[in-house]
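Below are the chains, spelled out letter by letter.
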Amino acid sequence: EDKVVQSPLSLVVHEGDTVTLNCSYEVTNFRSLLWYKQEKKAPTFLFMLTSSGIEKKSGRLSSILDKKELFSILNITATQTGDSAIYLCATTGANSKLTFGKGITLSVRP
Amino acid sequence: EAQVTQNPRYLITVTGKKLTVTCSQNMNHEYMSWYRQDPGLGLRQIYYSMNVEVTDKGDVPEGYKVSRKEKRNFPLILESPSPNQTSLYFCASSLYQRTEQYFGPGTRLTVT
């Protein structure tokens, strides 16, 4: 059975801090890893990673995948209160199922 | 506007009363999927559909049915709802299975 584990489950930081969110996975015939941000509504897409070692970047957010060690990290620099959300990691495998981790709740205090 | 719509957004019902939650997308996406989200358990896939007339079970399909008669619509059917199906439900679609998914606004279902 495919498994996605995110850590930590929650964290609290202050504005301006840098945070690193972790996602490890065990997926049969891994195809891709996706990061989503969920505020008080539906998840919104952040990144999709398929190749190891290639960083995806969007503003203050960046993500990288390590297919050898089976993990990904999502970095947020200079955090703002608007970054407070649940961050979800998901993987796709050969059987077309998406498997999500339980999410990381990030709280950014002013 | 490109979007995924779900109806109803909120529903309170009683055990055993059949219900359908509709999902529609206007992006001509091949892949559609239903999830439920519960505290401490995250998002879990119920059913997914690779294309019209092709559906398959996700991780938690028991108690649910789906159909995909047209590309744009993917309704979720609860034939005999039970209280353990009280949850927040999301429909999502993507161009293909391995591309980014767009989520609907969610349906909060309470079964008493």
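Everything here concerns the structure above.
In what follows, the accompanying structure is described. (Residues numbered from 1 in each chain as written. Chains lettered and ligands numbered in written order. Predicted model: local features only at pLDDT ≥ 70, side-chain atom pairs only at ≥ 80, totals over all residues. Heavy atoms only, no water.)

**Details of unusual backbone geometry**
With an omega dihedral of -10°, the bond running from S7(A) to P8(A) counts as a cis peptide bond. Note on placement: P8(A) falls in the loop between strand 1 (3–7) and strand 2 (10–14). N7(B) connects to P8(B) through a cis peptide bond whose omega is -5°. Inspection of the secondary structure puts P8(B) in the loop between strand 1 (4–7) and strand 2 (10–13). Within the chain, L70(A) stands out as a residue other than glycine whose phi angle is a positive 60°. Relative to the elements of secondary structure, L70(A) occurs in the loop between strand 7 (61–66) and strand 8 (71–76). (Helix = DSSP H or I, 4+ residues; strand = E, 2+ residues; numbered from the N terminus.)

**Focus on the interface of chain A and chain B**
Frequently, the measure chosen for interface size is the accessible area removed from exposure when the parts meet. Listed per partner, the contact involves 21 residues of chain A and 22 residues of chain B. In this assembly, chain A packs against chain B so that about 1,700 Å² is buried in total across both faces, 56% of it on carbon and sulfur atoms. On the chain A side of the contact with chain B, S96(A), K97(A) and L98(A) bury the most area, a combined 30% of that side's loss. Counting across the interface, chain A meets chain B through 0 salt bridges. For the pair chain A and chain B, the interface holds 3 residue pairs in polar contact (both at pLDDT 80 or more). Looking at the side of chain A that touches chain B, the elements that each hand over two or more residues are strand 4 (32–38), strand 5 (44–49), strand 9 (85–92) and strand 10 (98–100) of chain A. In terms of residues, the side of chain A that touches chain B owes the most to one element, strand 4 of chain A, which gives 4 residues. For the side of chain A that touches chain B, a count of residues per class yields 9 nonpolar, 8 polar and 4 charged. (Contact = heavy atoms within 4.5 Å. Buried area = accessible area lost by both parts, 1.4 Å probe. Salt bridge = Lys/Arg side-chain N within 4 Å of Asp/Glu carboxyl O. Polar contact = N/O pair within 3.5 Å; in protein donor to acceptor, adjacent residues only side chain to side chain. Nonpolar A, V, L, I, M, F, W, Y, C, P; charged D, E, K, R; others polar.)

**Re the packing of aromatic side chains**
By the definition in use, this model includes 10 aromatic pairs over all chains. Aromatic pair Y36(A) and F45(A): ring centres 5.9 Å apart, planes at 75°, arrangement edge-to-face. Residue class for F45(A) comes out partly exposed when judged on its relative accessible area of 29%. Arranged with centres 6.1 Å apart and planes meeting at 85°, the rings of F90(B) and F103(B) form a pair that is edge-to-face. With F90(B) in strand 9 (residues 87–94) and F103(B) in strand 10 (residues 102–103), the pair connects residues that are 13 residues apart, well separated along the chain. Note on accessibility: F90(B) and F103(B) belong to one class, buried. The rings of Y36(A), F45(A), F100(A), Y35(B), F90(B) and F103(B) are connected pair by pair, giving a single aromatic cluster. (Phe/Tyr/Trp six-rings, centres within 6.5 Å; stacked < 30°, edge-to-face > 60°. Buried < 20%, exposed > 50% of the residue type's maximum accessible area, 1.4 Å probe, protein only.)

**Focus on the state of the cysteines**
Summed over the entire model, instances satisfying the criterion amount to 2 disulfides over all chains. Each sulfur of the disulfide joining C23(A) and C89(A) lies 1.9 Å from the other. Around the S-S axis, the bridge from C23(A) to C89(A) shows a dihedral of about -65° and counts as left-handed. Note that C23(A) is positioned in strand 3 (residues 19–26) and C89(A) in strand 9, a separation of 66 residues in sequence. On the accessibility criterion, C23(A) (1% relative accessible area) is buried. The disulfide bridge from C23(B) ends at C91(B), spanning 1.8 Å between sulfur atoms. Sign of the S-S torsion, about -70° for the bond between C23(B) and C91(B), identifies this disulfide as left-handed. Remark: C91(B) occurs in strand 9 and C23(B) occurs in strand 3 (residues 19–25); sequence separation between them is 68 residues. Note on accessibility: C23(B) and C91(B) belong to one class, buried. (Disulfide = S-S within 2.5 Å.)

**Remarks on the sheet that holds strand 7 of chain A**
Adjacent strands of a sheet form backbone hydrogen bonds with each other and so pair up, either parallel or antiparallel. Residues and elements named next belong to chain A. Taken together, the 5 strands give an open sheet; going across it, the order is 1-3-8-7-6, and neighbouring strands pair in antiparallel fashion. Two strands close off the open sheet at either side, each with one partner strand: strand 1 and strand 6 (56–58). Ignoring which end each strand starts from, the neighbouring axes of this sheet average 15° apart. In terms of strand pairing, strand 7 meets strand 8 through 6 bridges, oriented antiparallel. Pairing of I64 across the sheet is with I73, part of strand 8. (Pairing = 2+ DSSP bridges. Axes fitted to C-alpha atoms, helices over the stretch in contact; angles between N-to-C directions.)

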